[in-house]
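Reading the structure
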Amino acid sequence: MLVAALTAALALSADVVRALPQAASSSATAPVTTSVLSETVSTVVPSPTASLTSTLPSQVPLPPKQDWCPSEIFCAGELLQTVNVAQLYADPKTFVDKPTAQKSQQVVSNFQNIGGNSSNVTVGAIVDFVNNNFKGEGLELEPIVFANFNPTPSFLNNVSDPLVKQWSQIVHGYWAQLIRSTNDSALCPEGTENGSCESTLIPLNHTFVVPGGRFREQYYWDSYWIVQGLLVSELHDIVNATLQNFMDELEHIGFIPNGGRIYYLNRSQPPLFIHMLTSYVQATNDTSILRRALPLAEKELAWWSANRSVQVKSPYTNATHTVYRYHVTNTAPRPESYYTDYITANDPTLQTPLTKQERGDLYAELATGAESGWDYSSRWLKEPTIGGSNNTAPALRSLNIRSLVPVDLNSILYKAHLNLAALYNNQSRSAAASNHTQAAIALREAIIDLHWDSNKRAFYDFNLTSNARNDIFTVATFYPFWNGIIPDEVLSDGTGATAFGAFATLNMVLNRYNGTYPVTFLETGLQWDAPNAWPPHQHIIMEALRNLPSNITSTPLPSPPSGNSTYALIPAGQIGIAEEKLPGQVLAEGKNATKTGPAADINTLNGTVVNGGNATSGESWAAVLQRELANRYIASALCSWHATGGEVPNLLPRLPDSQLQITQSQNNTGNMFEKFSINDIDSAGRGGEYTVQAGFGWTNGVVLYLAHLYGDKLVAPSCPNLVAISSSNTANTSGALAQITLPSVAVSVGAIVLGVVGLVL
C-alpha cells in the first residue's frame, strides 16, 4: 500500500502532500494474518448550538498560515475557522477527521460560493456545506479480525482469583475492537493537488491499535502502554507492525508525530519508540528488526537533539548541561482543537484582549502542551492556581511549558540512550554502545543536578525563566526511578528511609483516597490534575518501585506517628500543600473522616487498605505498595466497567437496568475509560477539552501488565453500590466531621453520562 508522505516535517517544508512508497525493509517479520471486519461508519450529525437561520458570529482576523500545514481545508485558514465558529460539533476534531467528498479545489470553490466567512452566512448554510462536501469521520480506517488470535494467552495462568482472571480475559479480547488497518478503498492517495478527495489521515502500511473513542488513529506515546499489553497478550506480530509504522514515519517524515494525522506534523510526543523497541526484542528475541530499527532510532534521537535541546548552566553546581524540553513552533489554533484554542485566545470576557503576539505565543504553548502528553496541567502554568478549581481559560492563558525543562522527558531520553546502547551491544557494536552510554551518563548528571531536591526527596521540573526548580509536585517525580535514575543518597541509605520518603505520597494516597495516584494534588479543572488518575502513571509507579534495590526496600511499611495520618510520613515541603488543603475524599455511606489526623486515612485496614489485596507476613514496604496499587487499579478499572454495563458470566452479574440508568448504561456492555478518579472507583475521570473517552488502549494494556506480573496478588474488588450512592445526596457536615457520599460529577462519554451527587471534604 502507499503511505502518503505528508511532509518534510523535519524542515517544516510547505511541500506537504506527496505519495511515499512502502519501505522495502518494513516487513521484518511475517505479515499479520487478518481479515476485514464489516462495520458501518458512524458519523456525528451536526448539532450547532445556534439556530440554523442565525448568521455566524463575527470572527477575529485569521491567524498566519502555518508552513507545516498548508491545506486550505483542514489547516488554519478561512474555511476551517468559519466551520469552527459555526460550532457544528461538540468536538472540533470531528470535522478535521472527515475526508472530503470531492476534489479539494471544488470544496474550496463551494465554500466561497456560499459566501465564505462573510457576515451574512447562516449556520444552516455551513451545515449544508459540510453535509454535502464531506464524508464520515474515520472512513479511511477499517477494523480487522485476527485469524491467529489466542483467546487464552499464558498470562492467565498467573491470575489466581476467578473473577479477576475471567475479567482479564475479557479485557484481552478488547484488542479485537481496537485493531485497525488503512482502508485502501477510501483513501485520498494523491493528496490535495489532483486527488479525487482530501483527508488528514497519514495512511500506515501496517496494522495498529487505536486508543479508542475520538482517538481513531495511531498515537505515539499511547502506543507504549498498548505495546506492553499486546506483548502480554502474545500479539507479537501487532507489536512488530506498530514499530514498523513508526519506522516508516521516521524514515519518510523525519520524526514520529503526535498521531496519525497531518495536523500533528508540527509536534511529537514523549519519545518512547526505543523503549517499545527494547520491550519487543526482550519479549521475542527477534533481533532481525534491529537492522532497520537501529539507524532509525538514531534518527529519532537526532531529531530531539536538533529541535528540542537547550543548554542550561546549573545555578546549583555551575555545570553546563544539554537537556531537552517540549517546544512547538506554532502561531495558530490546533486544527483538531480549533474552536477551543480560538475561544481561549479570543475570550470575549477579557477586559484587555490579547495582542497578535500574545495569541501566537498562546497557540505555541497550547501545541507544546499537547506534545508533552499532559494537555493540560497546573504543572505547566506560570500561576498554578489562577483559575481556581474549575476555570480553565485563565489557567490555559498562563501556560509556560516552553520555558520548562521537564524531568519526565529527560528521564525518558536518558533511558532511550541506555536502551540503545544495550541493543548495540547485542549486535557487538561496542563503539556505538559506548557513545550512547556516555550520553546517558551526561543526562543522568543533568537530571540529578537540575531536578533532584535531596531535602524534599523528589524530582521537580527546572524553570528556565526563574533559573530554579519549580515547586509543583507531580507524578513526574517517579519518571527518573522508572527509567533507572536513583539518586546516590537514596541508594546509600541502607535503612530505606530516604527511598520510602520518595514514595511516601503513594502510601498516603492508598490510605486516604478510594482510587489510584493522581497527577498532582491541585484541583484546577484541567484533566492532568487532581482528581484524575491516569493508567500510564500507575504503571510507571509500579516499575519505579520494582527498580529499587532490595537492600533499601526490605524494611516493613512505616506507621505514622501517634495522632497523625500517613501525610505525616511525607518529607517536609515535598508536596507543598498543607494536609487540610489536599483534595477532599468521598466517603462511603456511614463513614466519617477529618481533614487531618488518623481519621483522614479512611481506607486503612490491618496490614492493607480497602481494595488493596491481602497482606502477607514479612512484606517489605515496597511490596506492600505494589500489591495495594495493583489491586486498587484493577478495582478502578473493573468497578467503573461494571457500573457501565459490564458483566462476567457466573461470577459478576450485570447490574439491573434500574441501577444502570444511574450511569445511563442500560444499552451498554461496560466501558474501559482512559482515566479514573482518585475519589470514586465507579466512575471515570473528568475535566479537559473533550469528554472522557472509552476504549481504551493504554487502560487495557496496564490491566494486562498487572495481571501478568501480580496475578497471584490480585483479589476481586469491592465496588460501591450505585443505588446507595445516588440516593445519598445529602450529608451532615456538623463540626469537623462530614458524612459524605459521592462527588458531584457529570462526565459525558458518547451516549453515556455518569452523574452522581454528593459532598467532598
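The rules behind the values
Residues numbered from 1 in each chain as written. Predicted model: local features only at pLDDT ≥ 70, side-chain atom pairs only at ≥ 80, totals over all residues. Heavy atoms only, no water. Disulfide = S-S within 2.5 Å. Buried < 20%, exposed > 50% of the residue type's maximum accessible area, 1.4 Å probe, protein only. pLDDT = per-residue confidence, 0-100. Contact = heavy atoms within 4.5 Å. Helix = DSSP H or I, 4+ residues; strand = E, 2+ residues; numbered from the N terminus. Expected span 1.5 Å × (residues − 1). Polar contact = N/O pair within 3.5 Å; in protein donor to acceptor, adjacent residues only side chain to side chain. Core = buried A, V, L, I, M, F, W, Y, C linked by side-chain atoms within 4.5 Å. Axes fitted to C-alpha atoms, helices over the stretch in contact; angles between N-to-C directions. Parallel < 35°, antiparallel > 145°, perpendicular 65-115°, else oblique. Left-handed = near helix turned anticlockwise from the far one by under 90°. Nonpolar A, V, L, I, M, F, W, Y, C, P; charged D, E, K, R; others polar. Pairing = 2+ DSSP bridges. Phe/Tyr/Trp six-rings, centres within 6.5 Å; stacked < 30°, edge-to-face > 60°. Lys NZ or Arg CZ within 6 Å of the ring centre and 35° of its normal.

Evaluation of the coordinates by the stated rule reveals 3 disulfides. Across the disulfide, Cys69 is cross-linked to Cys75 (sulfur-sulfur distance 1.8 Å). Taking the sign of the S-S torsion, about -70° here, the bridge from Cys69 to Cys75 comes out left-handed. Neither Cys69 nor Cys75 differs from the other in exposure class; each is buried.

Right, let's get into the confidence of the model for the protein chain. Taken as a whole, the protein chain shows an average pLDDT of 89; of its residues, 87% reach a score of 70 or greater. Segment residues 1-31 is flagged for pLDDT under 50; beyond a separation of four residues in sequence, or across chains, it makes 86 contacts in the model.

So, on to helix H16 (residues 430-451). Between its terminal C-alpha atoms H16 stretches 31 Å, which fits the 32 Å expected from 22 residues at 1.5 Å a residue. For H16, every residue scored as buried is listed here: Ala432, Ala433, His436, Ala440, Leu443, Ala446, Ile447, Asp449, Leu450 and His451.

So, about unusual backbone geometry. It is generally the case that most residues other than glycine have a negative phi and that most peptide bonds are trans. Residue Tyr376 follows Asp375 across a cis peptide bond; omega there is 15°. Along the chain, Tyr376 falls in the loop between helix H13 (356-372) and helix H14 (392-396). Put simply, Ala530 and Pro531 share a cis peptide bond, and its omega is 5°. Among the secondary structure elements, Pro531 is positioned in the loop between helix H19 (497-512) and strand S14 (532-533). If you check the backbone angles, Ser428 has positive phi at about 60° while not being a glycine. Here Ser428 lies in the loop between helix H15 (407-426) and H16. One non-glycine residue, Asn650, lies in the positive phi region at around 70°. Assignment of secondary structure puts Asn650 in the loop between helix H21 (621-642) and helix H22 (657-660).

Its place among the elements puts Asn631 in helix H21. With 84 residues separating them along the chain, Asn631 and Val715 place their C-alpha atoms 6.9 Å apart. Dropping the residues within four chain positions of it, Asn631 is found in contact with Asn611, Gly612, Gly613, Lys713, Leu714 and Val715. A polar contact of 2.9 Å, which involves the side chain of Asn631, links it to the backbone oxygen of Lys713.

This next bit is on the nonpolar core. Core analysis: the biggest nonpolar cluster contains 197 residues, and Phe95, Trp167, Phe273 and Phe503 have the highest contact counts within it. Ignoring anything within four residues of it in the chain, the contact list for Trp167 reads Ile634, Ala637, Leu638, Trp641, Val648, Met672 and Val703.

Direction vectors running N to C along helix H1 (residues 78-85) and helix H3 (residues 104-113) enclose 55°, while the axes themselves pass 11 Å from each other. One element, H1, and the other, H3, form an angle in the oblique class. Classified by chirality, the crossing of H3 by H1 is left-handed. Packed against H1, whose contacting residues are Glu78, Leu79 and Thr82, the element H3 presents Val107, Phe111 and Gln112 at the interface. Along the lines of polarity and charge, the residues of the contact of H1 with H3 split into 3 nonpolar, 2 polar and 1 charged.

In the contact formed by helix H20 (residues 535-547) and H21, the axes pass within 10 Å of each other and the chain directions differ by 160°. Taken as axis vectors, H20 and H21 run roughly antiparallel relative to one another. Note that H20 runs across H21; the crossing there is left-handed. Seen from H20, the contacting residues are Pro535, Gln538, Ile541, Met542, Leu545 and Arg546; seen from H21, they are Trp621, Ala622, Leu625, Gln626, Leu629, Ala630 and Tyr633.

What follows covers the sheet that holds strand S13 (residues 468-469). Taken in spatial order, the 3 strands make up an open sheet running S9-S12-S13, and their pairing is antiparallel. Unpaired on one side and paired on the other, strand S9 (404-405) and S13 mark the two borders of the sheet. Where S9 lies against strand S12 (residues 462-463), 2 bridges are found, and the strand directions are antiparallel. The residue of S12 that forms the bridge with Leu404 is Asn463.

Right, let's get into the pairing of strand S7 (residues 309-313). Side chains on a regular strand alternate between the two faces of the sheet. The side-chain alternation of S7 yields one buried face, formed by Val310 and Val312, and one unburied face, formed by Ser309, Gln311 and Lys313. Count of turn residues in the S7/strand S8 (residues 320-324) antiparallel hairpin: 6 residues, of which Asn318 carries a positive phi of about 70°.

On to the side chain of Asn400, then. Its place among the elements puts Asn400 in the loop between H14 and S9. Take Asn400: its relative accessible area is 10%, and that puts it in the buried class. Not counting the four nearest positions on each side in its chain, Asn400 is found in contact with Glu365, Trp380, Lys382, Asn463 and Thr465.

For Asn84, the location among the structural elements is in helix H1. Among the residues examined, Asn84 registers a relative accessible area of 6% and is labelled buried. Spatially, the C-alpha atoms of Asn84 and Tyr342 are 9.0 Å apart, while their sequence positions differ by 258 residues.

Let us look at the pairing of strand S4 (residues 141-146). The element S4 is extensively covered by neighbouring structure, given that 5 of its 6 residues are classed as buried. Summarising the sheet, S4 and strand S5 (residues 179-182) pair through 3 bridges and their orientation is antiparallel. Counterpart to Glu142 in the pairing with S5 is Ser181.

Counted according to the given criterion, the structure contains 43 aromatic pairs. Their ring planes at 50° and their centres at 5.4 Å tell us that Tyr220 and Phe246 sit as a pair that is tilted. Residue Tyr220 is found in the loop between strand S6 (208-209) and helix H8 (222-232), and its partner Phe246 is found in helix H9 (residues 236-252); the two are separated by 26 residues along the sequence. Over the ring of Tyr460 we find Lys456; its NZ or CZ atom is 5.3 Å from the centre of that ring. For the cation-ring pair, Arg469 lies above Tyr316, with the distance from its terminal atom to the ring centre recorded as 4.0 Å.

Its 20 residues place the ends of H15 29 Å apart at the C-alpha level, agreeing with the 28 Å of an ideal helix rising 1.5 Å per residue. Within H15, 15 of the 20 residues are buried, which leaves the element mostly enclosed by the surrounding structure. Looking one or two residues past H15, Ser428 carries a phi angle of roughly 60°, positive in sign.

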